[in-house]
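So you can see what is in the structure, the chains are spelled out below.
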Amino acid sequence: MSAKSLISITDFSKEEYLKIMHLAEDFEANPNQKLLQGKVIATLFFEPSTRTRLSFETAINRLGGKIIGFSDSSSSSVSKGETLHDTIRMVSNYADMIIMRHPLEGSARYASEVSSVPVINAGDGANQHPSQTLLDMYSITKTQGSLDNINLFLVGDLKYGRTVHSLLMAMLQFKDPIFNFIAPPELAMPNEYKILLTSKGIKYFEHTEFTDIINAADIIYMTRVQKERFIDPVEYEKVKNVYILRDAMLSNTKENMRILHPLPRINEIHTDVDSNPKAYYFTQAKNGVYTRMAIIAHLLNLK
Ligand code: CP
């Protein structure tokens, strides 16, 4: 089997999702497996990142690979006007795989078409963030025991949030998901996703209020209102503090409910939640290392 790219979460089958969950579990149990010895991986981040870049780079280090790349494109020849096409053509001469974050939707797919090596999309604008979704799925599997029958509450910026779009697409593959969308009208889940759910007979509910409806949740997936996606700063100011999850709101939620957030957070999860055992977001970020080891190993056919 030849190596392939991961651009959209739908590039993987259900069997591949389950294989990634299994491999991530294996890497969590035994994180130092030198499967990348002799290989070079490029991390090209045209947009800021803490978790995605550092957890990918930790994953590569744990696998024994070497890293090249940049975390700020102004230090590359992009600042002299070099195109994405030429940058990718060049870097694919140097590395065995490219991991790229870029602000333009569709840029990762384009990169995979001009690259001679596999590309992992580490986030392309408001479009997709598939490695985040796989680590979210690993976190759901670890905390709920399964990806079936999950009542998932997605909260906040459901319009521009690439993580919620990817997670929704992945969870469609599993048995009887229920989706609850909590967002202000300006940031509602785009119609294309709702039409898709309806066409598959999957239940979804829309809310604008953040109330005790969350008591039914297995997972509350909080998201940040992303300032960088707004063209008009006035529109951002209107919705930036729309939902804040506080510890007092959790008293009647399910015992096994867990709170996920792709992070970074601004103020949408109050710090008084952090010490509640239902807060899982920092462990979720740690799960990113094992999941990204699994993705790399799977794409390069190392496992
Ligand atoms: N979750 C996530 O993508 O975080 P970073 O922007 O810090 O990579």
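The rules behind each value
Residues numbered from 1 in each chain as written. Predicted model: local features only at pLDDT ≥ 70, side-chain atom pairs only at ≥ 80, totals over all residues. Heavy atoms only, no water. Helix = DSSP H or I, 4+ residues; strand = E, 2+ residues; numbered from the N terminus. Expected span 1.5 Å × (residues − 1). Buried < 20%, exposed > 50% of the residue type's maximum accessible area, 1.4 Å probe, protein only. Contact = heavy atoms within 4.5 Å. Axes fitted to C-alpha atoms, helices over the stretch in contact; angles between N-to-C directions. Parallel < 35°, antiparallel > 145°, perpendicular 65-115°, else oblique. Left-handed = near helix turned anticlockwise from the far one by under 90°. Pairing = 2+ DSSP bridges. Domains from an automatic or database assignment. Buried area = accessible area lost by both parts, 1.4 Å probe. Salt bridge = Lys/Arg side-chain N within 4 Å of Asp/Glu carboxyl O. Right-handed = clockwise from strand over helix to strand, strands pointing away. Near = heavy atom within 4 Å. Polar contact = N/O pair within 3.5 Å; in protein donor to acceptor, adjacent residues only side chain to side chain. Areas by Shrake-Rupley, 256 points an atom, 1.4 Å probe, with all protein chains shown as cover.

(A) Inspection of unusual backbone geometry at higher detail. The omega torsion of the bond from L263 to P264 falls at 5°, within 30 degrees of zero and hence cis. Summarising the element assignment, P264 is placed in the loop between strand 9 (258–260) and helix 9 (281–299). Phi angles above zero are rare outside glycine, and D176 is one such case at about 45°. Notably, N301 is not glycine yet its phi reads approximately 55°, a positive angle. The residue N301 is located in the segment after helix 9 in this model.

(B) A look at helix 1 (residues 14–29). Its 16 residues give helix 1 an end-to-end C-alpha distance of 23 Å, which sits within 8% of 22 Å, the value for a rise of 1.5 Å per residue. Within the span of helix 1, buried status applies to E16, Y17, I20, M21, L23, A24 and F27. Turning to helix 1, the residues buried within the fold contact helix 5 (130–144), helix 6 (162–171) and helix 9.

(C) Quick look at the packing of helix 3 (residues 84–94) against helix 4 (residues 107–114). As a packed pair, helix 3 and helix 4 sit with axes 9 Å apart at the nearest point and diverge in direction by 50°. Our classification of the angle between helix 3 and helix 4 gives oblique. Remark: the crossing between helix 3 and helix 4 carries right-handed chirality. Across the interface between the two elements, L84, H85, I88 and R89 from helix 3 touch S107, Y110, A111 and V114 from helix 4.

(D) Quick look at the sheet that holds strand 3 (residues 97–102). The parallel open sheet is built from four strands, whose spatial order is 2-1-3-4. Across the chains shown, the open sheet's two edge strands, defined by having one partner strand only, are strand 2 (66–70) and strand 4 (119–124). With direction set aside, neighbouring strand axes in the sheet form an average angle of 15°. Pairing geometry for strand 1 (residues 40–45) and strand 2, over five bridges, is parallel. Residue pairing in the sheet places I41 in a bridge with I67 of strand 2.

(E) Here's a closer look at the side chain of T291. Within the secondary structure, T291 sits in helix 9. Relative accessible area serves as the criterion here: at 0%, T291 is assigned to the buried category. T291 has contacts with I20, A24, L134, L135 and Y138, leaving out every residue within four places of it along the chain.

(F) Seen up close, the domain arrangement of the protein chain. Once the domains are mapped, the protein chain shows domain 1 (9–128 + 288–299) and domain 2 (130–285). Placing a centre on the C-alpha atoms of domain 1 and another on those of domain 2 gives a separation of 25 Å. Residue-level contacts link 28 residues of domain 1 with 25 residues of domain 2. Taking both partners together, domain 1 and domain 2 bury about 2,300 Å²; carbon and sulfur atoms supply 61% of that area. Summed over the three residues of domain 1 that lose the most area to domain 2, namely I9, M21 and R51, the buried surface amounts to 27% of that side. There are two salt bridges connecting domain 1 and domain 2. For E28, the salt bridge goes to K142, with nearest N and O atoms at 3.1 Å.

(G) Expanded view of the pairing of strand 5 (residues 151–155). The buried fraction of strand 5 is high, at five of five residues. Side chains N151, F153 and V155 of strand 5 all project onto a buried face; the interleaved residues L152 and L154 project onto the opposite face, where all are buried too. For the crossover that starts at strand 5, traverses helix 6 and ends in the parallel strand 6 (residues 178–182), the hand is right-handed. In this sheet, strand 8 (residues 219–222) lies alongside strand 5 in parallel orientation, the contact comprising four bridges. Its bridge partner lying in strand 8, L154 is registered against Y221.

(H) Focus on the site of the ligand. Surrounding the ligand, one finds S49, T50, R51, T52, R101, H129, Q132, P262 and L263. Contacts to the ligand include T50, whose backbone N or O atom sits 2.8 Å from an oxygen atom. L263 has a polar backbone atom sitting 3.0 Å from a nitrogen atom of the ligand. For the ligand, whose free accessible area comes to 250 Å², the fraction covered by protein is 90%. Summarising the domain contributions, the shell around the ligand has at least three residues from each of domain 1 (9–128 + 288–299) and domain 2 (130–285).

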